[in-house]
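Okay, here's what each chain looks like letter by letter:
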Amino acid sequence: MKSAAGQKIKSLREQIRKHDYLYYVLNQPQISDQQYDKLFSELKNLEQQRPELITPDSPTQRVSGKPIEGFEQVTHSSEMLSIDNTYSADELRAFDNRVAKKLEKYSYVVELKIDGVAMSLRYENGILVLGATRGDGTKGDDVTHNIKTIKAIPLKLQDNPPDVLEVRGEVYMPKKSFAKLNEEKEKQGEPLFANPRNAAAGSLKQLDPKITAKRNLSFFAYSLVQTSKPFAKTHSESLDKFKKLGLPVNPNIEKAENIEQVIEICNQWEKKRFELDYQIDGMVIKIDRLDQRESLGATGRAPRWCISYKFAAEQAKTKITSIDIQVGKTGILTPVANFEPVLLAGTTVRRASLHNFDEIDRLDVREGDTVMIEKAGEIIPQVIEVKKEYRPKDAKPFKPPSKCPECGSKVQKDEDGVYIRCASASCPAQLKEKLRYFAGRDQMDIENLGPAIIDQLVDKEIVKDFSDLYKLDVNILVNLDRMAQKSAQNVLNGIKKSKSQPLARLLAALGIRHIGIQNAEILAQQFGTIDALKKATAEELTEIEQIGPVLAKSIYEYFHNSDNLKILDKLIAAGVNPKQKQTKQSDKLAGKTFVVTGTLENFSRTQIEQAIKDNGGKVSSSVSKKTDYVLAGAEAGSKLDKANQLGVKIIDEKQFLKMIGK
Ligand code: IVH
């Protein structure tokens, strides 16, 4: 990279790597997130101008490429063993006695047992070449495409790494990210992850790295597997070296001279664990000297030099005072247990979702029951067991309702699922939830329109659908409870402002199944207007990258339901006029569908797609008879073959530029 641009790119990459290291390994960031983002976008822009200078280890290449077709199996260079578990101090002492029979003088390293997914990482010449899951211990899945999206994992090692280095560690999802992900899933009516470990595993199983990139996974390295030159004499020394090379290592690692010290450390962490940002399910105790480990060897699937001490999941006993049924925005009836308040894993817990009526049957849980509760992922309270010996004599099985508890309409059970729904389109409880969601911060963001106001507007039958919000005036609002002239005006201002929210927000606000803000952005980009979406065929929707058949079906059905169309018309008549991003330049490509393949000289993938759309064309991800042009850059692959087979016209970048008059 001799050119000025090349030098600049190199320097930006080095700066970004340095700040990643300061942030993820040393935990001592020196610049703000904004400053970091600035460096990153500067690099991205330069690389877009000079795509020939992009290298796979550039920080911009964490999410690159298309979804993979499936996972390849890889054989581990040495077996990924598991660890034997203990559950008490005495079992730890018994382990120590076994060690003492073989070794004379030894010491331990005590680590947190991170509750995530074991991962093997291989670096060759300092570059990350493979990330593989444990699988059956001998063979695992190649998940390199997803591992690269984890910012804590360096794509390139620093400080003169050995030619080959293989390490193992744990990929995990921080508690906060887990809570946020489940909140998002709940909003979309999708099943929740039971705990952060399942969420991390599910995120690594994605074929599309773009999804994994959004999951905010992280990583700690905890053992050395293979290296091309002598690396360390002890485990603690190897961990120090990992850090120097840029690999994140958990900071809470302690040395212990004897088993009583080990037990003391374990007891401390059993109490302190709830203060951590991530979940741990115990401690791992390891012999420090690597030569001593060798002499101890392994039994079957676990080494003799290592043991885990597992914490019991913290539980609390409480009494269910009542079971309520909540009606969600899509009509799902969710039973919720109210408890006598009880302290659990750091907070007071008063209620827990019982999820659905099949779950009530499974647990046989009744009002008045004494139950054991636990927190899923240390966050979400859950009933895990009924203590039947305390059940009051008159406690009756809790029956699923035959009518909606809010509007009295008949309920229906989903054919393909466990949910029971209120089938009424005019259920006020559903409407209240829909309006709350519509006005929510991530949707239309209507300031000052809180739940109490929405409840009154629905109860008084002033608002019957979204569009009625835009017909409110001060006189109507001041008649509500605790609503003065000034607050009424504030509500109206909030509503007025929301009229010009971007199309993506409106689409997200409508409550279309599976369409949260991210998918809504994709739809808004691709179609630009509500009208265009109404006309979209199911095929066109399926062809959009990132959308897929399930989402396409949901969108198509929404825009072909006459009730929905009426509401949309009313919204527009009431003055909702979503702001479009005005980038349109011409209609030169109107009615033409393009498939782009290979590397282009002047455009990144997003830029070329935008240029096609800006000139009235459409972009599709797969070549079919309906494709008008395949725009092929360097190293175009199978799409070019397909175009040749089908006789689709193939153009290069120059011809494309000519078509749009450039
Ligand atoms: S050392 C021979 N250290 O726990 C095994 N494992 O239940 C060497 N784990 O599969 C593993 N934190 O995924 C080690 N600090 C830590 C760990 C740890 C979590 C996981 C690991 C392993 C599982 C066994």
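Just so we're clear, the structure is a prediction, and the values are computed from it rather than from any experiment.

Draft legend 1. Expanded view of the pattern of salt bridges. Under the counting rule described, the total for this entry stands at 35 salt bridges. The closest approach of N and O atoms between Asp414 and Arg421, which form a salt bridge, is 2.8 Å. Here Asp414 and Arg421 have matching classes, each one buried. When the shortest N-O distance is used, the salt bridge between Asp455 and Arg436 registers 2.4 Å. Linking Asp455 in helix 13 (residues 451–459) with Arg436 in helix 12 (residues 428–439), this pair joins segments that are 19 residues apart in sequence. According to the relative accessible area criterion, Asp455 is partly exposed, its value standing at 24%. Several salt bridges converge on common partners, so that one network encompasses Asp364, Arg366, Asp369, Lys388 and Arg391.

Draft legend 2. Broad picture of the packing of helix 3 (residues 89–102) against helix 9 (residues 259–272). At their nearest, the axes of helix 3 and helix 9 sit 10 Å apart, and the two run at 145° to each other. As helix 3 runs across helix 9, the sense of the crossing is right-handed. In this structure, helix 3 uses Ala89, Leu92, Arg93 and Asp96 to contact helix 9, whose residues at the interface are Ile259, Glu260, Val262, Ile263 and Cys266. For the contact of helix 3 with helix 9, the residue count by class is 6 nonpolar, no polar and 3 charged.

Draft legend 3. Empty space enclosed by the protein, seen in detail. By the definition in use, this model includes 3 cavities of 30 Å³ or more. Around the largest cavity sit Glu111, Leu112, Ile114, Phe220, Ala221, Tyr222, Val249, Asn250 and Ile253, which together line it. For the lining of the largest cavity, a count of residues per class yields 7 nonpolar, 1 polar and 1 charged.

Draft legend 4. Spatial organisation of the site of the ligand. Near the ligand the following residues occur: Leu81, Ile83, Glu111, Leu112, Lys113, Ile114, Ala118, Glu170, Tyr222, Val284, Lys286 and Pro303. In the model, an oxygen atom of the ligand is placed 3.0 Å from a nitrogen or oxygen of the Lys113 side chain. The contact in question runs from a nitrogen atom of the ligand to an N or O atom on the backbone of Ile114, over 3.0 Å. Protein contacts shield 87% of the accessible area of the ligand, which totals 530 Å² for the unbound molecule. Breaking the shell around the ligand down by element, the ones donating at least two residues are strand 3 (108–114) and strand 10 (280–287).

Reading the values: rules and limits
- Residues numbered from 1 in each chain as written.
- Predicted model: local features only at pLDDT ≥ 70, side-chain atom pairs only at ≥ 80, totals over all residues.
- Heavy atoms only, no water.
- Salt bridge = Lys/Arg side-chain N within 4 Å of Asp/Glu carboxyl O.
- Buried < 20%, exposed > 50% of the residue type's maximum accessible area, 1.4 Å probe, protein only.
- Helix = DSSP H or I, 4+ residues; strand = E, 2+ residues; numbered from the N terminus.
- Axes fitted to C-alpha atoms, helices over the stretch in contact; angles between N-to-C directions.
- Left-handed = near helix turned anticlockwise from the far one by under 90°.
- Contact = heavy atoms within 4.5 Å.
- Nonpolar A, V, L, I, M, F, W, Y, C, P; charged D, E, K, R; others polar.
- 1 Å grid on protein atoms, 1.4 Å probe; cavity = no way out; pocket = protein on both sides within 12 Å on 5 of 7 lines; lining within 4 Å.
- Points joined across faces, edges and corners; volume = space filled by probe spheres on them.
- Near = heavy atom within 4 Å.
- Polar contact = N/O pair within 3.5 Å; in protein donor to acceptor, adjacent residues only side chain to side chain.
- Areas by Shrake-Rupley, 256 points an atom, 1.4 Å probe, with all protein chains shown as cover.

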